[in-house]
Structures are given as C-alpha cells and as structure tokens.
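Structure assessment
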Amino acid sequence: MKKIPFISKQQIEEIVKTYPTPFHIYDEKGIRENVKALQEAFSWNQGYREYFAVKATPNPFLIKILNEYGCGCDCSSETELMLSEAMGITGDNIMFSSNDTPRKEFVLADRLGATINLDDFTHIDFLEETLGALPKKLSLRYNPGGIFKISNGIMDNPGDAKYGLTTEQLIEGYRVLKEKGVEIFGMHAFLASNTVTNEYYPTLAKQLFETAVRVKKETGVSIDFINLSGGIGIPYNPDQEPNDIRLIGAKVKEVYDEILVPAGMGDVAIYTELGRFMMGPYGHLITQVIHEKHTHKEYVGCDACAVNLMRPAMYGAYHHITVLGKEDEPCDHKYDVTGSLCENNDKFAIDRMLPEICIGDYLAIHDTGAHGYSMGYNYNGKLRSAELLLKEDGSVQLIRRAETPQDYFATFDCFPEYASLFQKGDL
Ligand SMILES: *Cc1c(COP(=O)(O)O)cnc(C)c1O
C-alpha cells in the first residue's frame, strides 16, 4: 500500500516558522479513528479494556486522547506510573506490567491501586514482603516457552524471552495466590512483537483461554481477565498488508465462544496493552536535509539523527521516507539517509530509492508514533526534539518542547563550578 504522509510540504513550511526541525508530529484524527475502531472490534466483550503501553509514546497529551475512549495506562516503571497519576489515570485504569521490578515501583503501583501483573513466581513472595500483604487482585504473566507458531510460520521464540512464568509455575502460582487470599485473578502473555497478521491475537487467545480452563480445573481458580498484551504490529513497509482490527476482534470472539463459554467462563474480561498499533502510524519524524555528500556512496545528511529515532540503528528497522513536495516524483536516486552521530549505523535508510533530494528538502520519516521519540537518548550530546500535535482542525499544538543544552547538563546542577552549563541565559 502506498504510504502517504498525513502532512504536506506547505503545512510543514508554516510549522517550521514557529517550531524548527527536527520534530515528531502526531495526527490527532488518525489516532481517534484508530482507537474507535479498536473499541468497536472488542465491544462484544463486556469487560474489554485497552491499557495503552505508555513506554511506546509517553506523552500525556496523546494518552489523554486515548483516555477519552476509555483506555487506561499500561506502565512498567516509576516514571510511567507518575505520568499516569498526573493525568488522573489511577486504580483499575493502570496495568503495571513490569519485569525485574524494583521494590519501590511495586510500592508506588500498589499505592495508585494499579493492577499488578507479576513477571515471575518469586515475585509473589517479593511483593508480599514489600507490601506486607498481597493485593486482592493480581495477574500472572505466562511464558509457555518453545516457539510461537501460526499457520504460515514461526512468529517468535518465547523460550528465549526473559519474561513470564512457565506453565507449571503459572498453575502453582494461582494456587499460591488463592491460598494467600487473592480474590481477582488475571493472566497475561506477550509472545510476539510487531505482528503483521490477523492471526496473532486469535492464536494467542486460544492458548491463553485453554490455559485458563486448565487452571480452573486444576486449582479451582477462576480467571477474571485475560490480557492479550501488545504485539499487534503496523505495516512499516509499503509491501505489508495492514492488520484488520475488526477481523482480529471477531476471531478472538470465535475462540472465546469456542473455549471459554462452554467452560462456564463467558464472563472473562479481555484486556489489551497495545502500544505500536495505537500510535505508530500516526507519528512522523520531520527533518530537513542539510548536507549532500558524494563519496563512495551518495549521502544526504539530515538535522535529525538516531537519538530522535533509534529503530533503524538498533534493529535495522525499515521506516518509509517521503520527500515532502516530491510525493509523485520517480524514485530514481539511491541514497543513504544519515544523521550526524559519530556512529556509522546512524542511517535512517541505506540504499533507498528516492526522488532526487536537494538541500533544504523536508523528509517525513513514517511510523514514528510509537517507540520513536520514547527510545531517544543523548549520545554525542544530541538533544531530544520537540513533539507536536496536528489537531483535527488543522492547527498545531506543541505537546513537548525540544530539549535545550540546559536540560542536557541539568544533572550537574549540584556542582557550582559548572553552573554556567545549566543556568539559562549563560549559553
Ligand atoms: C512493550 C509492551 C507492550 C506494547 O507493545 P507494542 O508492541 O507496542 O504493542 C505491551 N505490554 C508490555 C508488557 C510491553 O512490554
């Protein structure tokens, strides 16, 4: 499918008068349409709730939009919990799906009334010790091991993943939780990431539903909610067919009706913790070309770099690039599109066929709405960019300012001899 940016060159030329490149910009209209479609796809399930994976895009202005449609927050750290609390999203509206969790994060999650999803059998005792007593509601994260297959092949390798409890630990875990007075039980699993197939959720659901039936038979524990977690992907590459969320919802219902309903478990709530699917396609990283370089290869150098979008450098991930204003020109030039880090993996694209690029052109790097800004870092002393929201009415709102050198140096603020680095106006 041809990938069309949600913003035009004309709009960007206006925006840069106020907010210089690089920046991430998000499409409010796209976010709203997508979350509505998700809610509809699972509306057959009474207790359905999406907990947005905050780590994907930890911006309160964006999470607020999802929250209008009933989405909660899936948190995995202290700061994500703090962000959620600051937005007024607390209690049952927080899922705390962490791993290798520090004690104080469990304490904060519990204080906020979050639903805690334990990543390991030993965390039952760790949590009890930490809190004095276990919460009334607890969830366990399942990892069946082996490889995770769907009809057309292997999706992922849970046997290699650090997360979750084995089948034996899971069953024993529910027994122990019940003994210790837990009353509301959840089951969670995340077995494959960025799946671009309508089969992932239904296959995962079947496995979890069957396990829930087994847990009930063997321990008497009746699971109250099943959390299918994240993993529904997006078509980063134009060759990929997007997931059909309505079909995914309908297929999960089929296995629900086939396995849970006959077992007398037709009241189990379905939860999701999607990140990428909720935001990924609705963000672009906008960057301006500032250099051309003709050496052993043809390079174009941008004012963004891997600190603004790490996925290409980290995973060799494909992110589509549109040269704004040249949408209909032939892609007859081959470029490496680079940033300025002193790392040769700082390339947004390698040997990419694009229209002829000139200095000053604006590039829209697609699908940066999730795991984009949030994976940012400060290597080479580079600063994180601003985040902007393209509103439904076409106006643009700053939803996070760009970092300044003072932000970068802020953690030297206890050393008076370096005061000049973090005092505003001194630079
Ligand atoms: C990262 C993560 C998610 C979200 O994953 P996506 O691939 O962005 O959908 C959900 N749950 C947990 C526990 C995660 O670690």
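Residues numbered from 1 in each chain as written. Predicted model: local features only at pLDDT ≥ 70, side-chain atom pairs only at ≥ 80, totals over all residues. Heavy atoms only, no water.

**What to know about the overall build of the protein chain**
- Broken down by element type, the protein chain carries 13 helices and 19 strands.
- Taken over C-alpha atoms, the radius of gyration comes to 23 Å for the protein chain, in line with the 22 Å a tight globule of 427 residues would show.
- In terms of overall dimensions, the protein chain has a C-alpha envelope of 70 × 55 × 45 Å along the principal axes.
- Every one of the 427 residues in the protein chain was classed for burial, and the buried ones make up 52%.
- Restricting to contacts in the protein chain with at least 6 residues of sequence separation, those with at least 24 account for 69%.
- Total accessible area computed for the protein chain in this model is approximately 18,700 Å², and 49% of it derives from carbon and sulfur atoms. (Helix = DSSP H or I, 4+ residues; strand = E, 2+ residues; numbered from the N terminus. Rg over C-alpha atoms; globule rule 2.2 N^0.38 Å. Buried < 20%, exposed > 50% of the residue type's maximum accessible area, 1.4 Å probe, protein only. Contact = heavy atoms within 4.5 Å. Areas by Shrake-Rupley, 256 points an atom, 1.4 Å probe, with all protein chains shown as cover.)

**Considerations on a negative patch on the surface**
- Negative charge collects at one region of the surface, where E292, E298, D328, E329, D332 and E356 lie side by side.
- With respect to the helices, strands and loops of the structure, E298 is situated in strand 13 (residues 298–302). (Patch = residues over 30% accessible without salt bridge, like charges linked within 9 Å, V, L, I, M, F, W, Y side chains within 5 Å. Salt bridge = Lys/Arg side-chain N within 4 Å of Asp/Glu carboxyl O. Lys, Arg positive; Asp, Glu negative; His and termini not counted. Charge placed at Lys NZ, Arg CZ, Asp CG, Glu CD.)

**A short note on helix 3 (residues 60–67)**
- Buried residues of helix 3: L62, I63, I65 and L66, and no others. The buried side chains of helix 3 occupy one side of the element, clustering within an arc of 150° when seen end-on.
- For helix 3, the side-chain oxygen to backbone nitrogen distance between the N-cap and F61 is 2.9 Å, and the N-cap itself is N59. (Arc of directions from axis to C-beta. Polar contact = N/O pair within 3.5 Å; in protein donor to acceptor, adjacent residues only side chain to side chain.)

**What to know about the domain arrangement of the protein chain**
- Taken domain by domain, the protein chain holds domain 1 (27–280) and domain 2 (281–402).
- Placing a centre on the C-alpha atoms of domain 1 and another on those of domain 2 gives a separation of 32 Å.
- Facing the 26 residues of domain 1 at the interface are 22 residues of domain 2.
- Summed over the shared surface of domain 1 and domain 2, the result is 1 salt bridge.
- As a salt-bridge pair, R32 and E392 come within 3.5 Å of each other at their nearest N and O atoms.
- By residue number, the principal contributor to the side of domain 1 that touches domain 2 is helix 2 (residues 28–41), which donates 6 residues.
- Of the residues in the side of domain 1 that touches domain 2, the class split is 13 nonpolar, 7 polar and 6 charged. (Domains from an automatic or database assignment. Nonpolar A, V, L, I, M, F, W, Y, C, P; charged D, E, K, R; others polar.)

**Some remarks on helix 7 (residues 167–179)**
- With 13 residues, helix 7 extends 19 Å between its outermost C-alpha atoms, agreeing within 8% with the 18 Å of an ideal straight helix rising 1.5 Å per residue.
- Listed in full, the buried residues belonging to helix 7 are T167, L170, I171, G173, Y174, V176 and L177.
- Buried-residue contacts for helix 7 involve helix 6 (122–131), strand 6 (137–141), strand 9 (184–188) and helix 8 (200–219).
- Positive backbone phi, approximately 95°, marks G181, located one or two places after helix 7. (Expected span 1.5 Å × (residues − 1).)

**Some details on the environment of D156**
- With respect to the helices, strands and loops of the structure, D156 is situated in strand 8 (residues 153–156).
- Counting along the chain gives 13 residues from D156 to Q169, while the straight-line C-alpha distance between them is 21 Å.
- Leaving out residues up to four positions away in the same chain, D156 has contacts with I147, F148, L191, A192 and S193.

**Considerations on the nonpolar core**
- F42, Y174, Y201, F209, I223 and I226 are the most contacted members of the largest nonpolar core, which totals 83 residues.
- By residue number, the principal contributor to this core is helix 8, which donates 9 residues.
- When residues of this core are sorted by domain, at least three fall in each of domain 1 (27–280) and domain 2 (281–402).
- Once residues within four sequence positions are removed from consideration, Y201 is found in contact with F42, L228, S229, G230, I232, I248, V252, T272, E273 and L274.
- Judged by nonpolar contacts, the second largest core, of 16 residues, contains L309, V337, L363 and I365. (Core = buried A, V, L, I, M, F, W, Y, C linked by side-chain atoms within 4.5 Å.)

**A look at the packing of aromatic side chains**
- A complete count under the given rule lists 14 aromatic pairs for this structure.
- Ring centres of Y51 and Y271 lie 5.2 Å apart, and the angle between their planes is 70°; on these two criteria the pair is classed as edge-to-face. Within this pair, whereas Y51 is found in strand 2 (residues 49–53), its partner Y271 is found in strand 11 (residues 269–272), the two being separated by 220 residues in sequence.
- Clustering of aromatic rings is evident, with ring pairs tying together F42, W44, Y48, F148, Y200, Y201, F209 and Y256.
- Looking at R311, its charged tip hangs above the ring of Y236, at a distance of 4.3 Å from the centre. (Phe/Tyr/Trp six-rings, centres within 6.5 Å; stacked < 30°, edge-to-face > 60°. Lys NZ or Arg CZ within 6 Å of the ring centre and 35° of its normal.)

**Regarding the sheet that holds strand 4 (residues 94–97)**
- Strands sit in the order 2-3-4-5-6-9-10-11 around a closed barrel of 8 strands; the barrel is parallel. Averaged over all pairs of adjacent strands, the angle between strand axes in this sheet comes to 25°, irrespective of strand direction.
- Judged from the 3 bridges that link them, strand 2 and strand 3 (residues 72–75) form a sheet pairing that is parallel. Within strand 3, the position partnered with F52 by the bridge is C73. (Pairing = 2+ DSSP bridges. Axes fitted to C-alpha atoms, helices over the stretch in contact; angles between N-to-C directions.)

**A word on the layout of surface pockets**
- If you add up the space inside the largest pocket, you get close to 940 Å³.
- What lines the largest pocket is a set of 45 residues, among which K55, Y163, F190, S193 and H371 lie closest to the centre.
- Taken as a whole, the second largest pocket spans an internal volume of roughly 650 Å³.
- As for the second largest pocket, its lining consists of 29 residues, and the residues nearest its centre are M1, P235, P242, P281 and Y282.
- At the level of secondary structure, the elements contributing two or more residues to the lining of the second largest pocket comprise helix 2 and helix 9 (245–260).
- Ranked by the residues each element gives to the lining of the second largest pocket, the list is headed by helix 2, at 5 residues.
- Each residue belonging to the lining of the second largest pocket can be placed in one class, and the counts come to 13 nonpolar, 8 polar and 8 charged.
- Two domains share the lining of the second largest pocket, each providing at least three of its residues, namely domain 1 (27–280) and domain 2 (281–402). (1 Å grid on protein atoms, 1.4 Å probe; cavity = no way out; pocket = protein on both sides within 12 Å on 5 of 7 lines; lining within 4 Å. Points joined across faces, edges and corners; volume = space filled by probe spheres on them.)

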